[in-house]
Amino acid sequence: MNDDDILTLEEVAKYLRISERTVYDCAQKGEIPAGKIRTAWRFKKSEIDKWVNDRLSSSNLTIQVNPIHAQSILSPHRILFLNCSRKRDALITLAENLAAAPQIKNRQELSAEILKREELMSTAIGCGIAIPHVRLSSVTDLVVSAGISRFDIVDFHPLDDEPVRLIFMIAAAHNQHSYYLHTLSWFSTKLKNKDLRSALLQTKTEQEAYDLLTA
């Protein structure tokens, strides 16, 4: 295998000598670097190697992961109501909003890397949710922008075929691997609540949405 190889779920399970179910569960929870191409999970070998090395090198250490406080990574002015039906338009709009945060030092790199990752692997996780995410050396600290679409976004190709309406874009510093994965998992878990998703779609103002997400 080469570092640039893209692996299937089955290949990752064989490579790591663990069950396919374990790989699938880790991918669903955002605990392993992964993404989807249409309905299939895909993994970049170099990212898997780094993930394994990070876990092995820290196996005898106590890892301090910052708890997730939504108020510290999201603000009302980074919540947008989108009028997009295509994911590229939605991603560009959200990236432009996120790039205004002081933690983002390279606006062009953020947009380019978000689109590049999405072309490689869909970030739709089902239930009408997508969580595009990147780690970049030009980002100084983890920050989030959220989009609530008034229209179905039909070209994210989620596993459950439900059109995306809620998008949470995460940008983190390159050395925030654990916090980054923890944040992905936190959003994935929080948004499993159907009532929360429905309430977000019914909000009329950014402050309403912010209050729901930070409750």
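Preceding block: the structure.
Residues numbered from 1 in each chain as written. Predicted model: local features only at pLDDT ≥ 70, side-chain atom pairs only at ≥ 80, totals over all residues. Heavy atoms only, no water.

Looking now at the overall build of the protein. Regarding its fold elements, the protein presents 9 helices and 9 strands. In summary, the protein has a C-alpha radius of gyration of 17 Å against a globular reference of 17 Å for 215 residues, a match within 12%. With the C-alpha coordinates aligned to their principal axes, the bounding extent of the protein is approximately 50 × 35 × 35 Å. At a minimum sequence separation of 6, the contacts of the protein that also span at least 24 residues come to 71%. Entry remark: accessible area of the protein is about 10900 Å², with carbon and sulfur atoms responsible for 48%. (Helix = DSSP H or I, 4+ residues; strand = E, 2+ residues; numbered from the N terminus. Rg over C-alpha atoms; globule rule 2.2 N^0.38 Å. Contact = heavy atoms within 4.5 Å. Areas by Shrake-Rupley, 256 points an atom, 1.4 Å probe, with all protein chains shown as cover.)

Our focus in this paragraph is the environment of Val-134. Structurally, Val-134 can be placed in strand β7 (residues 133-136). Overall, Val-134 belongs to the buried group, its relative accessible area being 6%. Residues Val-134 and Tyr-180, 46 residues apart in the sequence, show an inter-C-alpha distance of 8.9 Å. Aside from chain neighbours lying at most four places away, what touches Val-134 is Leu-110, Glu-113, Ile-114, Arg-117, Ile-170, Ala-171, Ala-172 and Tyr-180. (Buried < 20%, exposed > 50% of the residue type's maximum accessible area, 1.4 Å probe, protein only.)

With antiparallel pairing, the 3 strands of this open sheet are ordered in space as β1-β3-β2. Of all the strands in the sheet, the pair left with one neighbour each is β1 (6-8) and β2 (35-37). On average, each strand axis in the sheet is inclined to that of its neighbour by 50°, with strand direction left out of account. The pairing of β1 with strand β3 (residues 40-44) spans 3 bridges and is antiparallel. If you follow Ile-6 over to β3, its bridge partner there is Lys-44. The sheet strands contacting helix α1 (residues 9-16) are β1 and β3, and the helix crosses β1 at an angle near 90°. (Pairing = 2+ DSSP bridges. Axes fitted to C-alpha atoms, helices over the stretch in contact; angles between N-to-C directions.)

This part is about the packing of aromatic side chains. Think of a pair of aromatic rings as described by two things: how far the centres are apart, and how the planes are tilted against each other in angle. Scanning the entire structure with this criterion turns up 2 aromatic pairs. Aromatic side chains Trp-186 and Phe-187 sit 5.0 Å apart centroid to centroid with 85° between the ring planes, which places their arrangement in the edge-to-face category. Judged by its relative accessible area of 2%, Phe-187 falls in the buried class. Of the aromatic side chains, those joined through ring pairs into one cluster are Phe-168, Trp-186 and Phe-187. (Phe/Tyr/Trp six-rings, centres within 6.5 Å; stacked < 30°, edge-to-face > 60°.)

Mapping Ser-138 onto the fold places it in the loop between β7 and β8 (143-153). Exposure remark for Ser-138: the relative accessible area of 14% places this residue in the buried category. Polar contacts involving the side chain of Ser-138 include one to the side chain of Glu-109, which spans 2.3 Å. Setting aside residues up to four positions removed in sequence, Ser-138 forms contacts with Gln-103, Ile-104, Lys-105, Asn-106 and Glu-109. (Polar contact = N/O pair within 3.5 Å; in protein donor to acceptor, adjacent residues only side chain to side chain.)

Looking now at the layout of surface pockets. The calculated volume of the largest pocket comes to roughly 760 Å³. Taken together, 33 residues line the largest pocket, and the ones lying closest to its centre are Pro-33, Glu-47, Arg-117, His-133 and Tyr-180. Mapped by element, the contributors of at least two residues to the lining of the largest pocket are α2 (20-28), β3, α3 (45-57), α6 (107-120), β5 (124-126), β7 and α7 (177-190). Broken down by element, the residue count for the lining of the largest pocket peaks at 5 residues, all from α7. Of the residues belonging to the lining of the largest pocket, the class tally is 15 nonpolar, 10 polar and 8 charged. (1 Å grid on protein atoms, 1.4 Å probe; cavity = no way out; pocket = protein on both sides within 12 Å on 5 of 7 lines; lining within 4 Å. Points joined across faces, edges and corners; volume = space filled by probe spheres on them. Nonpolar A, V, L, I, M, F, W, Y, C, P; charged D, E, K, R; others polar.)

We now examine the pairing of strand β9 (residues 164-173). Counting buried positions along β9 yields 9 of 10 residues, so the element is predominantly enclosed. Judged from the 2 bridges that link them, strand β6 (residues 129-130) and β9 form a sheet pairing that is parallel. From the neighbouring strand, Ala-130 faces β9, where its bridge partner is Ile-167. Pairing analysis gives 4 bridges linking β7 to β9, with the strands arranged parallel. Pairing of His-133 across the sheet is with Ile-170, part of β9. Two strands pair when backbone bridges link them, and β8 and β9 are joined in this way by 7 bridges, in the antiparallel orientation. Paired with Val-144 across the strands is Ile-170, a residue of β9.

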